[in-house]
Amino acid sequence: MSSKGADRKIDYVEFHVRDIQPMKAFYGSVFGWTFTDYGPDYCEFQDGRLTGGFAKAHTVSPKGGALVILFADDLEDAVARVEKAGGSISRPVFSFPGGRRFHFVDPEGYELGVWSDR
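What you see is a predicted model; the values in this text were computed from it and never measured. (Residues numbered from 1 in each chain as written. Predicted model: local features only at pLDDT ≥ 70, side-chain atom pairs only at ≥ 80, totals over all residues. Heavy atoms only, no water.)

**Q** I'm lost on the side chain of Ser 116 in this one. Help?
**A** Secondary-structure assignment places Ser 116 in strand E8 (residues 111-116). Of the residues examined, Ser 116 reaches a relative accessible area of 0% and is grouped as buried. A polar atom in the side chain of Ser 116 sits 3.0 Å from the backbone oxygen of Ala 72. For Ser 116, the side chain forms a polar contact with the main-chain nitrogen of Arg 118, separated by 3.1 Å. (Helix = DSSP H or I, 4+ residues; strand = E, 2+ residues; numbered from the N terminus. Buried < 20%, exposed > 50% of the residue type's maximum accessible area, 1.4 Å probe, protein only. Polar contact = N/O pair within 3.5 Å; in protein donor to acceptor, adjacent residues only side chain to side chain.)

Structure below.
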């Protein structure tokens, strides 16, 4: 894998979680992420563009960090998938210059956003 063009770009996102399996189930079913397990305490995810990980931790502090924003072609479908997988919508779909987005809270309490240009 080449690192050309990676200078000063976000390269990896890591979530500290109490239980890795529910996170894999949630993000796999909602966004189609794939996973590689590296023992019982770490799992790497791939979303097709970005790679990150779920690291098992005893203490999880999901509030107050940077807001990670995902992209979806169909925002309403993404809302339905989040709810079906057990996530909750923390900010319903709203418009902004350039598109629309919503925020959700995953099973560990992390809030993320999803946007679309449609």
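**Q** Before we go on, may I ask you to explain the side chain of His 103 in this structure?
**A** Here His 103 lies in strand E7 (residues 99-105). Its relative accessible area of 7% is what places His 103 among the buried residues. A polar side-chain atom of His 103 sits 3.0 Å from a polar atom in the side chain of Arg 101. One polar contact links His 103 to Glu 111, side chain to side chain, over a distance of 3.4 Å. Contact partners of His 103, with chain neighbours within four places excluded, come to Leu 67, Ser 88, Ile 89, Ser 90, Arg 91, Phe 94, Glu 111, Leu 112 and Gly 113. (Contact = heavy atoms within 4.5 Å.)

**Q** Any chance you could explain the packing of helix H1 (residues 20-31) against helix H2 (residues 75-84) here in plain terms?
**A** Angle between the axes and distance between the axes: these two values describe a pair of packed helices. At a minimum axis distance of 9 Å, the contact between H1 and H2 shows a crossing angle of 155°. Considered as vectors, H1 and H2 are oriented roughly antiparallel to each other. Here H1 and H2 pass one another in a crossing that is right-handed. Along its contact with H1, which presents Phe 26, Ser 29, Val 30 and Phe 31, the element H2 presents Ala 78, Arg 81 and Val 82. (Axes fitted to C-alpha atoms, helices over the stretch in contact; angles between N-to-C directions. Parallel < 35°, antiparallel > 145°, perpendicular 65-115°, else oblique. Left-handed = near helix turned anticlockwise from the far one by under 90°.)

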